[in-house]
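Coordinate inspection notes
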Amino acid sequence: MKDRLDDNFVRAVEIILACRGRVVITGMGKSGIIGRKIAATLSSTGTPSLFLHPAEGVHGDLGMIVKGDVCIALSNSGETAEVIKLLPLIKRFKIPLISIVGRIPSTLAERSDCVLDASVAKEACSLNLAPTASTTAALAMGDALSVALLEKRGFGADDFALYHPSGALGKRLLTRVNDLAHGQDRVPVIGQDKKVSDAVFVMSAKGFGCTAVVDDSGRLAGIITDGDLRRGLEKYNNIFSMDIKDLPLKYPRTVERKALAAKALQIMEEFSITSLFTVDEEGRPDGIIHLHDLLKEGIV
């Protein structure tokens, strides 16, 4: 189908971008089902849309259409009676009409301001009768329109999140680290002038499997993890009596409080770690988020 895209597709995008109302999509039978999906996709990507059943339209539902709208009509044959009956009324409102059809020489195509060719050589059905390949083609054309409009509008992830506040997708796009991070009273912290044995008590009390190490000013200077202790037992004769400052500490990975929780998950996966600290403007640890917090919230 992409080889058939021409100026009509560009024109369709321009018409919809200029629309000050809604995109009203209509179609009968299987084409109507595809039309409902296209309307849903457009609405979720920044183009207000609704579906109008053509049979109900001529029995009062035409009140759903107002001046300033754009209409997209779907029909494989281009001769669907219920859709054709809507055309004079659509024209009366001077509403631009875009058609997605399977036959270019057809009544619907001839009366449209813009025609998108969604024709197929034959249906996937062995009888070449049931709408299968043709509905897939129409759906692909509708998705192509939706994505082109999304890109032209500069519709980004934050915009997408506003239309998808629920479910796993919404959580990934809306939940921030600050929403899940444990406060300062839960943060495992120890001074670098303390003993390693002291760090063990802090780690056990807080239950995150690690502790932040801070300097004399309270700024984050390093981290001690369960893994560091296990490796230390192999390397040193009596690690628990050592001063923390004598250990080769690594500076821990951190994450901004305003970052998406999904970003925290990405960092954890990339570096094979289970906890991340947040720090204030002075570099002092003021929060911690654990992998379990993300899993519990459904950030996966």
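Residues numbered from 1 in each chain as written. Predicted model: local features only at pLDDT ≥ 70, side-chain atom pairs only at ≥ 80, totals over all residues. Heavy atoms only, no water.

A word on the overall build of the protein chain
Convention followed: Think of it this way: any DSSP run of H or I at least four residues long counts as a helix, any run of E at least two long counts as a strand, and we number them from the N terminus. Only protein chains enter the calculation, and the probe is 1.4 Å; a residue is then buried if its accessible area is under 20% of its type maximum, exposed if over 50%, and partly exposed in between. Reported accessibility uses the Shrake-Rupley method at a 1.4 Å probe radius. Residues are deemed covered only where the shown protein chains occlude them. Charge convention: Lys and Arg are scored as positive, Asp and Glu as negative, and His as well as the terminal groups of each chain are ignored. Here the site of a charge means atom NZ of a Lys, CZ of an Arg, CG of an Asp or CD of a Glu.
For the protein chain, the count of helices and strands is 13 helices and ten strands. Expressed as a percentage of its 300 residues, the buried residues of the protein chain come to 44%. If you sum the accessible surface of the protein chain, you get close to 15,900 Å²; carbon and sulfur atoms cover 52% of it. Across the protein chain, the 37 positively charged side chains and the 37 negatively charged ones have centroids separated by 4 Å.

What to know about helix α10 (residues 196-206)
A turn of α-helix holds 3.6 residues, and therefore any two residues three or four places apart point the same way. To be explicit about the condition: Summarising the geometry, the arc corresponds to the directions from the helix axis toward the C-beta atoms.
For α10, every residue scored as buried is listed here: Val196, Ala199, Val202 and Met203. An end-on view of α10 places all buried positions within 105 degrees of arc, on one side of the element. Exposed and oriented more than 90 degrees from the buried face of α10 are Phe201, Ser204 and Ala205. Glycine 207 lies just past α10 and shows a positive phi near 80 degrees.

Digging into the pattern of salt bridges
Which entries qualify depends on this criterion: When a carboxyl oxygen of Asp or Glu lies within 4 Å of a side-chain nitrogen of Lys or Arg, that pair is called a salt bridge.
Considering all chains together, one arrives at nine salt bridges under this definition. When the shortest N-O distance is used, the salt bridge between aspartate 228 and arginine 231 registers 2.8 Å. Residue aspartate 228 and its partner arginine 231 are located together in helix α11 (residues 226-235), separated by three residues, close to a single helical turn.

A look at the sheet that holds strand β1 (residues 23-27)
Going by this rule: Strands qualify as paired when DSSP identifies two bridges or more between them. As a rule, the C-alpha atoms of each element are fitted with a line to give its axis, helices using only the stretch in contact, and angles between N-to-C directions run from 0 to 180 degrees.
On the basis of which strands lie adjacent, the open sheet formed by five strands has the order β2-β1-β3-β4-β5 and parallel pairing. Looking along the sheet, the strands with just one partner apiece sit at the ends: β2 (49-52) and β5 (114-117). Sheet twist, expressed as the average angle between the axes of neighbouring strands with direction ignored, equals 20 degrees. By the bridge criterion, four bridges tie β1 to β2 in an arrangement that is parallel. If you follow isoleucine 25 over to β2, its bridge partner there is phenylalanine 51.

What about the layout of surface pockets?
Put simply, the test is: Here a cavity denotes grid points, spaced 1 Å and computed from the protein atoms alone, that fit a 1.4 Å probe unable to get out, and a pocket denotes an open set having protein on both sides within 12 Å along at least 5 of 7 lines; residues with an atom within 4 Å of a point are the lining. Grid points are joined across faces, edges and corners, and a volume is the space filled by probe spheres set on the points. Under the grouping applied here, Gly and all other residues not named as nonpolar or charged are polar, the nonpolar ones being Ala, Val, Leu, Ile, Met, Phe, Trp, Tyr, Cys and Pro and the charged ones Asp, Glu, Lys and Arg.
The space that makes up the largest pocket amounts to roughly 760 Å³. Lining the largest pocket are 30 residues, with Ile223, Thr225, Asp228, Arg231 and Lys250 sitting closest to its centre. Among the secondary structure elements, those contributing two or more residues to the lining of the largest pocket are β8 (220-225), α11 and β9 (275-279). The element contributing the most residues to the lining of the largest pocket is α11, with eight residues. Of the residues that constitute the lining of the largest pocket, the class distribution is 16 nonpolar, seven polar and seven charged. Taken together, 18 residues line the second largest pocket, and the ones lying closest to its centre are Ser31, Ser75, Asn76, Ser134 and Thr135. At the level of elements, α2 (30-44), β3 (70-75), β4 (97-101) and α6 (133-153) are the ones that each hand at least two residues to the lining of the second largest pocket. The element contributing the most residues to the lining of the second largest pocket is α6, with three residues. Along the lines of polarity and charge, the residues of the lining of the second largest pocket split into eight nonpolar, eight polar and two charged.

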